[in-house]
Amino acid sequence: QVRLVESGGGMVQAGGSLRLACAASGRTIEIFTMGWFRQAPGKDREYVAGISWRDDNTYYINSVKGRFTISRDNSKNAVFLQMNSLKPEDTAVYYCALANTLEKSYKYWGQGTQVTVSS
C-alpha cells in the first residue's frame, strides 16, 4: 500500500507564504508524476500543479502561475509546493497525489491539509 502524508498547511494573511510538503511511503513505488490538488468549500476538487518524476517538466493552472512553485526530492519520494503571494481565493484543502508508471493516473491521495488565507 502507498501512503502519502502532507504537512505545512495553516493560516496566513493575504500576501503571505506557505510551503506544503508531501512524502510517499509504503511498497516500492515507480513514480510517474506527483501533483497537488485543492478543494474549496462548495467547489469541485481542482488540479493545481504537477511535476514529472523523470525530467524537469512542471505544470500549473493559470491562477497560480508565477506565485506557486512545485519541486521534488526523488531520494525521499517527496514533493513540495511553495506558495507565495497567497490570496483569499487560494483557501482550500490541499491534497497531494501520486501517479505510478504503470497506470499514469493519479491513484494515490493524501489526507489533505488546510490552507486558509485571510484578507
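Residues numbered from 1 in each chain as written. Predicted model: local features only at pLDDT ≥ 70, side-chain atom pairs only at ≥ 80, totals over all residues. Heavy atoms only, no water.

1. Describing the packing of aromatic side chains
- Evaluated as defined, the whole model comprises 4 aromatic pairs.
- Summarising the aromatic geometry, the rings of Tyr106 and Trp109 are spaced 6.5 Å apart at their centres and angled 55 degrees between planes, so their arrangement reads as tilted.
- Trp109 sits in the partly exposed class, given a relative accessible area of 33%.
- Three or more aromatic residues link up through ring pairs in this structure, and these residues are Phe37, Tyr47, Tyr106 and Trp109.
- For the cation-ring pair, Arg72 lies above Trp53, with the distance from its terminal atom to the ring centre recorded as 6.0 Å. (Phe/Tyr/Trp six-rings, centres within 6.5 Å; stacked < 30°, edge-to-face > 60°. Buried < 20%, exposed > 50% of the residue type's maximum accessible area, 1.4 Å probe, protein only. Lys NZ or Arg CZ within 6 Å of the ring centre and 35° of its normal.)

2. Observations concerning the state of the cysteines
- Taken as a whole, this structure holds 1 disulfide when the rule is applied.
- Sulfur-sulfur distance for the disulfide between Cys22 and Cys96 comes to 2.1 Å. Disulfide Cys22 to Cys96: torsion about the S-S bond roughly -75 degrees, handedness left-handed. On the criterion of sequence distance, the pair formed by Cys22 in strand 3 (residues 18-26) and Cys96 in strand 9 (residues 92-100) is long-range, its members being 74 residues apart. Of the two residues, Cys22 and Cys96, neither departs from the other in class, the shared state being buried. (Disulfide = S-S within 2.5 Å. Helix = DSSP H or I, 4+ residues; strand = E, 2+ residues; numbered from the N terminus.)

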